[in-house]
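Structural characterization, general
Each chain, written out:
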Amino acid sequence: MTDQETAPVDGVEQAAAEQVATEVTPVPQPEAGQSSGGGAGATAGSTPPPVPVASDDPTRWGRVDEAGKVYVKGEDGEREVGSWQAGEPAEGLAHFARRFDDMRTEVELLEARLKSGAGDPKQALTSAKHVRDGLTDAAVVGDLAALRARVAHVIATAEKAVDKAKVARDAARAESAQRKQALVEEAETLANESTQWKSAGDRLRAILDEWKTIRGVDRKTDEQLWRRFSKARDAFNRRRGAHFADLDRQRATAKTRKQELVDEAEALAGSDDWGVTAGRYKDLMVEWKAAGRAPKESDDALWQAFRAAQDKFFARRSAAFDERDAEFGTNAKLKEELLAEAEGIDPGAGLEAARNALYKLQERWDQIGKVPRERVRELEGRLRSIEEKVRGAVDAQWRRTDPEAEARVAQFRERVTQFEAQAAKARSAGDKRRAEQAEAQAAQWREWLAAAEQAVATR
């Protein structure tokens, strides 16, 4: 399996065996002359049957006859176990007694390993059964009944330990399977739902690392869980790949669009149409934000180019406005001087002279040009006051007399036509301000014309 490192099932058996520590009580040694106190029916958990040391007094458990044959005493009588021709009969009996003690020691070692949990219960059980089966024909001299009972006790203890190990192994296997099941479910959730690509990818790698540490699941279950986990990883990788592929396409589109915006911004940087161009730059900024992100390096470079074009235009506009404001300030001073002169016009000293003076003043006013925006209302208001003073005098004169009324009507009509033509010319040239001023003067003369025509009509 790809990336999978599954431990053999025996790993669980070993771990389970190590958890099992069968309680084996110390073996009390019988007093001299004491025989066996237990039988083959000994069970695990009971006091281990004592087994006397045969070499302390071999004559209790066997004998050597005149022919050198060695016998061991048992419940069913004597049984020949060998012969001794090499020396004294007592030496032969001691030899076979020591062989008995060796078997006794082997059984005690099995018992001790079971108690400590260091041994494999199955192996201990096999060894104990081997000893039990060999006792029938064993060439030893000792308390065979006691040893047989002790072996039976070890077998019962080992069987209990094997059962406990199996339970522990099954529990460990179930726990391992549950852990992998939980990891699989988490991986499937990430694969189907997560859009936190980096953190989810890191978590899937961590799950794989944890997966490798979980051992002992049976092969069939392990393979089924692994297939699910692998499928979840593949699904996540496909979703992530599709996301970034789509993101790359979007960024490529954004790069193309932003390059177009940069080109337009650079083309507008030299424009002198300050109002229209400034408005277009605002629109370009809105379009820039709507275009989305391009690849990082490209996005940064494009933004720098876009901002450079903007800065160039607005720096030029700022310089032009500063120059214009300086010029407008001078114009305001000139108009103030002109108003001071115009305020000396006295219609009472001569109406025609006052009208001519006002006409010349208006022409000079238009020639001076624009003033700062915050001064327009003030200066225009003062000029209108002078115009109204002269117009009021003209109206009063008309009411008093009507000399040369027709000529005056023609004159007024000519002036209306003149200012209307100036307004049309200024508007065609794009000079909105001058056009508005000419229209205002035309409107004033139109009112005078209407008054003159009314005077002619009612005289």
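Residues numbered from 1 in each chain as written. Predicted model: local features only at pLDDT ≥ 70, side-chain atom pairs only at ≥ 80, totals over all residues. Heavy atoms only, no water.

1. Regarding the pattern of salt bridges
To keep things clear, this is the line we draw: When a carboxyl oxygen of Asp or Glu lies within 4 Å of a side-chain nitrogen of Lys or Arg, that pair is called a salt bridge. Every helix listed is a DSSP run of H or I at least four residues long, and every strand listed is a run of E at least two residues long, numbered separately from the N terminus.
The final tally for this structure, using the stated rule, is 26 salt bridges. In this structure, Arg173 engages Asp170 in a salt bridge whose closest nitrogen and oxygen atoms are separated by 3.5 Å. Of the two residues, Arg173 and Asp170 are both situated in helix α4 (residues 144-193); the distance of three residues between them amounts to about one turn of the helix. Bridged by salt links that share partners, the residues Arg257, Glu260, Glu264, Arg280 and Glu287 form one connected network.

2. Some words on empty space enclosed by the protein
As a reminder, the rule being used: Site definitions follow a grid-based scheme: protein atoms alone, a 1 Å grid, a 1.4 Å probe that fits but cannot get out for cavities, and for pockets an open set with protein on both sides within 12 Å along at least five of seven lines, plus lining residues having an atom within 4 Å of a point. Grid points are joined across faces, edges and corners, and a volume is the space filled by probe spheres set on the points. Polar here means any residue other than Ala, Val, Leu, Ile, Met, Phe, Trp, Tyr, Cys and Pro, which are nonpolar, and Asp, Glu, Lys and Arg, which are charged; Gly is therefore polar.
Under the defined criterion, the tally for this structure stands at one cavity of 30 Å³ or more. Quantified by volume, the largest cavity comes out at close to 30 Å³. Forming the boundary of the largest cavity are Lys335, Trp365, Gly369, Lys370, Val371, Val376, Leu379, Glu380, Arg433 and Gln437. Counting residues per element, the ones that place at least two in the lining of the largest cavity are α10 (373-400) and α12 (432-458). Sorting elements by how many residues they give to the lining of the largest cavity places α10 first, with three residues. Within the lining of the largest cavity, the residues separate by chemical class into four nonpolar, two polar and four charged.

3. Focus: the sheet that holds strand β1 (residues 62-64)
Here is the rule: Should DSSP find at least two bridges between two strands, the strands are regarded as paired. The angle between two axes is taken between their N-to-C directions and runs from 0 to 180 degrees, where each axis is a line fitted to C-alpha atoms and a helix contributes only its stretch in contact. Whether two residues touch is decided by their heavy atoms; if any such pair falls within 4.5 Å, the residues are in contact.
Spatially, β1-β2-β3 is the arrangement adopted by the three strands of the open sheet, whose pairing is antiparallel. The open sheet has two edge strands, β1 and β3 (77-83), and neither has a second partner. Strand after strand, the sheet turns through a mean of 25° between neighbouring axes, direction not considered. Here strand β2 (residues 69-74) pairs with β3 via six bridges, running antiparallel. Residue pairing across strands places Val72 opposite Arg79, the latter belonging to β3. The sheet strands contacting helix α2 (residues 89-116) are β1, β2 and β3, and the helix crosses β1 at an angle near 140°.

4. Examining the layout of surface pockets
One number sums up the size of the largest pocket: a volume of about 640 Å³. Taken together, 17 residues form the lining of the largest pocket, with Arg324, Phe328, Lys370, Arg373 and Arg433 sitting closest to its centre. Every element with two or more residues in the lining of the largest pocket is listed here: α7 (274-291), α8 (296-342), α10 and α12. Of all the elements, α8 adds the most residues to the lining of the largest pocket, at five residues. Split by residue class, the lining of the largest pocket holds seven nonpolar, two polar and eight charged.

5. A word on the UniProt feature "coiled-coil region" (unreviewed entry) in the protein chain
Applicable threshold: UniProt positions are given in the numbering used here, feature names are shortened, and annotations may be inferred rather than shown by experiment.
According to UniProt, the positions carrying the feature "coiled-coil region" (unreviewed entry) are residues 155-193 and 376-455. Secondary structure across residues 155-193 divides into 100% helix and 0% strand, with the first and last C-alpha atoms of the span separated by 56 Å.

6. Topic: the packing of helix α6 (residues 219-268) against α8
Quick note on the threshold: Between 65 and 115 degrees an angle is taken as roughly perpendicular, under 35 as roughly parallel, over 145 as roughly antiparallel, and anywhere else as oblique. Left-handed is the label given to a crossing in which the near helix is rotated counterclockwise from the far helix by less than a right angle, and right-handed is the label when the rotation is clockwise.
Between α6 and α8, the shortest axis-to-axis distance is 8 Å and the interhelical angle comes to 20°. As judged from the angle between their axes, α6 and α8 are roughly parallel. The handedness of the crossing between α6 and α8 is left-handed. Only Ser298, Asp299, Leu302, Ala305, Phe306, Ala309 and Phe313 of α8 make contact with α6, whose side of the interface consists of Lys255, Lys258, Gln259, Leu261, Val262, Ala265, Glu266 and Leu268.

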